[in-house]
Amino acid sequence: MLVRAITASGLRRWCRSQRGAAAACFPLGRALLGVRGTEAAVFLQGLLTNDVTQLVAAGDAPPSLYAHALNAQGRCLYDVILYRLHRSTAEEPHILLECDSSILDSIQKHLKLYKIRRKVTIAPCPDLSLWAVITEDASSLPKCADQALLLTPDPRAEVMGWRLIAKKGANLSEIIPGSQVGDVQDYHRHRYKQGIPEGVKDLPPGVALPLESNLAFMNGISFTKGCYIGQELTARTHHMGVIRKRLLPVRFPAAPPSAGIPEGAEILTESGKRAGKFRAGGGEFGIALLRLAHVSEPLCIELGGDRVKLSASTPEWWPKAAAK
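Going by the annotation in an unreviewed UniProt entry, the name recorded for the chain is Iron-sulfur cluster assembly factor IBA57, mitochondrial, with Anthoscopus minutus given as the source organism. Listed under Sequence similarities (unreviewed entry) in UniProt, the entry text for the chain is "Belongs to the GcvT family. CAF17/IBA57 subfamily." Quoted verbatim from the Subcellular location (unreviewed entry) field of the UniProt record, the comment on the chain reads "Mitochondrion".

And the structure:
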């Protein structure tokens, strides 16, 4: 599976400016947790929104999956990406779980609470490093990266490029010849521009709802798998087919205040109607939970008596009928 050319013009310019760099590699501050054992997939299956059993299926098993762990009320606790490290069904299942580093202790406690007598070991992987890889030409990436533990397309959306897991201290130029290390803030600006949430700022634990957070658009949920924690509300919302608010990319036409926009700031229409709430951002781009009815209207945030203008848009990678 190869990703198509990235549509973010800023990252295209970055690649060109780095003396013809084949790819931009961004070091991520996300943590990795190893879940290993004969019951690893079955154990995670009851805790996550996606069908984890795919990772241990015979045949063409996917190398990675995106998912959320929900609380009993159906709200997001953790956003995770799962990686399959075992190479066949003959090997003991070994799954890496990527999560926000600030909640590493919390998610370990969450997993161990439900482990009970499962034949599973759970341990952090401090010896591994995680990178986002974005390139104009996926054919420039190696078909087999010897020094990499895993090099796989980002399972959330093609515009997010690839994920690379390697030993800490590995030489990236040997793994991906011609690549250059980029500023991680450029990565965050790229995903904000694409409306991709990641981590606790974008998805506040116990607050964010999975379908409002576009989990279905990002291949992060199975509506045919068995029961999991938080399934009832999520399934009901899906079958009703009514989602009035969604996470959307927002842009500030002028530079936002130097102090930044407070997380959770109220977003209003020009007439003063409540349109949604700002989640997080970087520079001129951000992400916000907005009512779809107000997406095309001029929007603003009131800060200290001043009005900060912003606009919202629907990402090009969304399903065509999604914003209707």
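> Let's hear about the overall build of the chain: which residues, and what values?
For the chain, the count of helices and strands is six helices and 16 strands. A globule of 324 residues ought to have a C-alpha radius of gyration of about 20 Å, and the chain, at 20 Å, matches this closely. Each principal axis of the C-alpha distribution contributes one length, and for the chain these read about 60 × 50 × 35 Å. Looking at the chain residue by residue over its 324 residues, the buried ones come to 52%. Residue pairs at least 24 apart in sequence account for 68% of intrachain contacts in the chain once pairs closer than 6 positions are excluded. Summed over its atoms, the accessible surface of the chain is roughly 15,400 Å², and 51% of this surface lies on carbon and sulfur atoms.

> A description of the layout of surface pockets should follow, citing residues and the corresponding values.
For the second largest pocket, the calculated volume is near 480 Å³. What lines the second largest pocket is a set of 27 residues, and nearest its centre among them are H188, R191, Y192, K201 and A280. Counting residues per element, the lining of the second largest pocket draws most heavily on helix α5 (residues 184–194), at five residues. Classifying every residue of the lining of the second largest pocket gives 10 nonpolar, 10 polar and seven charged.

> So, the pairing of strand β1 (residues 24–27): which residues are in play, and what are the values?
Here β1 pairs with strand β10 (residues 180–181) via two bridges, running parallel. Residue pairing across strands places C25 opposite V181, the latter belonging to β10. Pairing analysis gives four bridges linking β1 to strand β7 (residues 128–134), with the strands arranged antiparallel. In the sheet register, P27 faces β7, and the bridge partner there is W131.

> Describe the environment of P253, naming the residues involved and giving the relevant values.
Relative to the elements of secondary structure, P253 occurs in the loop between β11 (245–251) and β12 (266–269). With 55 residues separating them along the chain, P253 and V308 place their C-alpha atoms 9.2 Å apart. Ignoring sequence-local partners within four residues, the contact set of P253 consists of K309 and L310.

> Before we move on, could you go through the pairing of strand β2 (residues 30–36) and cite the residues and values that matter?
For β2, the tally of buried residues reaches six of seven residues, placing the bulk of the element in the interior. In this structure, β2 lies alongside strand β5 (residues 94–100), joined through seven bridges in antiparallel fashion. Of the residues in β5, the one forming a bridge with L32 is E98. One ladder, built from four bridges, connects β2 with strand β6 (residues 121–124); its direction is antiparallel.

Thresholds, definitions, all that
- Residues numbered from 1 in each chain as written.
- Predicted model: local features only at pLDDT ≥ 70, side-chain atom pairs only at ≥ 80, totals over all residues.
- Heavy atoms only, no water.
- UniProt positions renumbered as here; feature names shortened; annotations may be inferred.
- Helix = DSSP H or I, 4+ residues; strand = E, 2+ residues; numbered from the N terminus.
- Rg over C-alpha atoms; globule rule 2.2 N^0.38 Å.
- Buried < 20%, exposed > 50% of the residue type's maximum accessible area, 1.4 Å probe, protein only.
- Contact = heavy atoms within 4.5 Å.
- Areas by Shrake-Rupley, 256 points an atom, 1.4 Å probe, with all protein chains shown as cover.
- 1 Å grid on protein atoms, 1.4 Å probe; cavity = no way out; pocket = protein on both sides within 12 Å on 5 of 7 lines; lining within 4 Å.
- Points joined across faces, edges and corners; volume = space filled by probe spheres on them.
- Nonpolar A, V, L, I, M, F, W, Y, C, P; charged D, E, K, R; others polar.
- Pairing = 2+ DSSP bridges.

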